[in-house]
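A look at the structure
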Amino acid sequence: MNRHRPSDRASIGGEPMDNSFQPARLRGAIMTSGLITLGSLSACGGGSSAPGAGVAVAPAIGLTTAERYIASVGGNGPAHGGVAAGDMNGDGYPDVVVTDSIGNAVAVLLNAGDGSLLAAERYLAGVQPVAVVVEDLSGDGVLDVAVTNARSDDVQVYHGLGDGTITLTESHAAGLGPTDLAAADVDGDGDLDLLSYWGDVTILLNNGQGQFTPGAPLLTGEALGAIAIGMEVADFDDDGAVDVAITDWPRGPVRSRVEIFYGAGDASFVSGAGPFEISGATEAMRTADINCDGRQDLMIPIAGGSLAVAYGQADGRLAEPVEFETDSGSNAVLFSDFDRDGRLDLAVSYFNGYAGLFYDVCSQDFTTFVEHDTVETSEAMVSPDLNLDGFPDLVVGTWYQPQIAVLLSGPSDDDS
């Protein structure tokens, strides 16, 4: 089959960033006396009463200046799943695990116990690893690691030993040029299976002890020559079964396809929403209740400068995506409550070296965000609480730079 690998993806974004870090900046709004002037924002969820219409109070806790750590020879790869986090050595602090797509390795950076990271320990992977998951795959209470390799076309599973080290236990074929990886219980037996997206979705079923056998693949109907971009796994229709959303770039004019496949709970799937055609190049998708109506929505970043949202409907299906204009070069999105006010926040990584933090996403138009310098060609993100202060931190990977960026939570100045 004439299929294109993830390294065929064109670079999209501005000039490389200056390597020096600067304080957080406000984009798309004016900061006045600690208040952010917004076009439209209504608070929802828990927490204190909402500010007046069109105004939001700057959070008391925000993200501090980024620290960079050498994590790879040349970046996590041209995909969006190259960074994960979890307590690999049982000391109570989350550690960071990244793919090294140039060095053909997976790297574990242990937490020093204060939110900073120790030097990376590298483990041999396949050729061009681009996505990683950290989960207890064997059910022994110790975190394991799985990676998908775009050039050796396989998934590798590493058993965690509980002391921060891992050992390779098995490898499985995963199509041609896989770009994304997820762990979820697709067959309802209580353990985590693996899904690797490469155009279709390879499904590896867990026997309950962290040993995997191939299941029937999810056939997505991707057009010949398309580029597989990303996959999101969630329960969109709230029926207790795992569903899968995929996006790819068909050849031709710059446009993308998004389609959602609904799970039956027995590792089988059926298309139920889409395919939707989006003008522009989609990137990594993530799920959250974005408009606070109690239903799962799907956010789809578009590299040319917008965010699309497919809102959940009463019948459990996702609607045609709606686009919101934002900054150019968006790569990945991540939802977390960074300021712990009970309302969902959104982080967006941008290709030219920063992350945009949109506070309180419910009912806003995604035009106003606080900008934090991160690392050039920013890509995948995770938000563990590295320093155990009760607030999520931000870890940002990169396409082809050796560093990752870590932004710890800390007090925000009103005029920052």
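Cut-offs used in this document
Residues numbered from 1 in each chain as written. Predicted model: local features only at pLDDT ≥ 70, side-chain atom pairs only at ≥ 80, totals over all residues. Heavy atoms only, no water. Helix = DSSP H or I, 4+ residues; strand = E, 2+ residues; numbered from the N terminus. Buried < 20%, exposed > 50% of the residue type's maximum accessible area, 1.4 Å probe, protein only. Contact = heavy atoms within 4.5 Å. Areas by Shrake-Rupley, 256 points an atom, 1.4 Å probe, with all protein chains shown as cover. Salt bridge = Lys/Arg side-chain N within 4 Å of Asp/Glu carboxyl O. Phe/Tyr/Trp six-rings, centres within 6.5 Å; stacked < 30°, edge-to-face > 60°. Lys NZ or Arg CZ within 6 Å of the ring centre and 35° of its normal. Disulfide = S-S within 2.5 Å. Lys, Arg positive; Asp, Glu negative; His and termini not counted. Polar contact = N/O pair within 3.5 Å; in protein donor to acceptor, adjacent residues only side chain to side chain. 1 Å grid on protein atoms, 1.4 Å probe; cavity = no way out; pocket = protein on both sides within 12 Å on 5 of 7 lines; lining within 4 Å. Points joined across faces, edges and corners; volume = space filled by probe spheres on them. Pairing = 2+ DSSP bridges. Axes fitted to C-alpha atoms, helices over the stretch in contact; angles between N-to-C directions.

**Things to note about the overall build of the chain**
- Helix and strand counts for the chain stand at 0 helices and 34 strands.
- Counting across all 416 residues of the chain, residues that qualify as buried make up 58%.
- When contacts within the chain are restricted to residue pairs at least 6 apart in sequence, long-range pairs at least 24 apart make up 51% of them.
- Entry remark: accessible area of the chain is about 15000 Å², with carbon and sulfur atoms responsible for 51%.

**Brief notes about unusual backbone geometry**
- Phi angles above zero are rare outside glycine, and Arg-340 is one such case at about 50 degrees.
- Secondary-structure assignment places Arg-340 in the loop between strand E27 (330-336) and strand E28 (345-350).

**Some details on the pattern of salt bridges**
- Summed over the entire model, instances satisfying the criterion amount to 9 salt bridges.
- A salt bridge links Arg-122 to Asp-100, with the shortest nitrogen-to-oxygen separation between them at 2.8 Å. Of this pair, Arg-122 sits in strand E10 (residues 121-124) while Asp-100 is found in strand E8 (residues 95-100), placing the two residues 22 residues apart along the sequence.
- Residue classification places Arg-122 among the partly exposed residues on the basis of a relative accessible area of 41%.
- Since its relative accessible area comes to 0%, Asp-100 is described here as buried.

**Details of the packing of aromatic side chains**
- The final tally for this structure, using the stated rule, is 8 aromatic pairs.
- Measuring from centroid to centroid gives 5.0 Å for Phe-324 and Phe-366, while their planes differ by 75 degrees, and the two rings are edge-to-face. Here the residue Phe-324 occupies a position in strand E26 (residues 322-325), and Phe-366 occupies one in the loop between strand E29 (354-358) and strand E30 (369-373), the gap between them amounting to 42 residues.
- Ring centres of Phe-358 and Phe-366 lie 6.2 Å apart, and the angle between their planes is 70 degrees; this geometry places the pair in the edge-to-face category.
- Overall, the relative accessible area of 1% leaves Phe-366 in the buried class.
- The aromatic ring of Tyr-262 is capped on one face by Arg-317, whose charged end is 3.9 Å from the ring centroid.

**Some details on the state of the cysteines**
- This structure, assessed with the given rule, holds 1 disulfide.
- With its sulfur 1.5 Å from that of its partner, Cys-292 forms a disulfide with Cys-362. Of this pair, Cys-292 sits in the loop between strand E23 (286-288) and strand E24 (297-302) while Cys-362 sits in the loop between E29 and E30, and the two are 70 residues apart along the sequence.
- On the basis of relative accessibility, which here comes to 3%, the residue Cys-362 falls in the buried class.

**Regarding the environment of Pro-384**
- For Pro-384, the position within the fold is in the loop between strand E31 (378-382) and strand E32 (394-398).
- In this structure Pro-384 comes out as buried when scored by relative accessible area, which is 12%.
- Expressed as a C-alpha distance, the spacing of Pro-384 and Tyr-93, which sit 291 residues apart in the sequence, is 9.2 Å.

**Details of the side chain of Asp-191**
- Considering the arrangement of structural elements, one finds Asp-191 in the loop between strand E15 (180-184) and strand E16 (193-197).
- Arg-286 provides the closest opposite charge to the buried, salt-bridge-free Asp-191, at an N-O distance of 21 Å.
- A polar atom in the side chain of Asp-191 sits 3.1 Å from the backbone nitrogen of Gly-208.
- Asp-191 has contacts with Ala-184, Asp-185, Asn-206, Asn-207 and Gly-208, leaving out every residue within four places of it along the chain.

**A look at the layout of surface pockets**
- Taken as a whole, the largest pocket holds about 620 Å³ of empty space.
- For the largest pocket, the lining is made up of 26 residues, of which Val-83, Glu-232, Arg-286, Met-381 and Val-382 are closest to its centre.
- Of all the elements in the fold, those that place two or more residues in the lining of the largest pocket are strand E7 (83-86), strand E11 (129-135), E15, strand E19 (227-234), E23, E27 and E31.

**Concerning the sheet that holds strand E33 (residues 403-407)**
- One open sheet accounts for 4 strands, arranged E6-E33-E32-E31; its pairing is antiparallel. Strands at the two margins of the open sheet, each flanked by one partner only, are strand E6 (67-70) and E31. Strand-to-strand twist of the sheet, defined as the mean angle between neighbouring strand axes without regard to direction, takes the value 30 degrees.
- In this sheet, E33 lies alongside E32 in antiparallel orientation, the contact comprising 3 bridges. From the neighbouring strand, Leu-394 faces E33, where its bridge partner is Leu-407.

**Some thoughts on the pairing of strand E20 (residues 243-249)**
- Burial analysis of E20 places 7 of its 7 residues in the buried class, the great majority of the element.
- Examined bridge by bridge, E19 and E20 share 7 bridges and lie antiparallel to one another. Pairing of Ala-228 across the sheet is with Asp-248, part of E20.
- Pairing of E20 with strand E21 (residues 255-263), which is carried by 5 bridges, proceeds in the antiparallel orientation.

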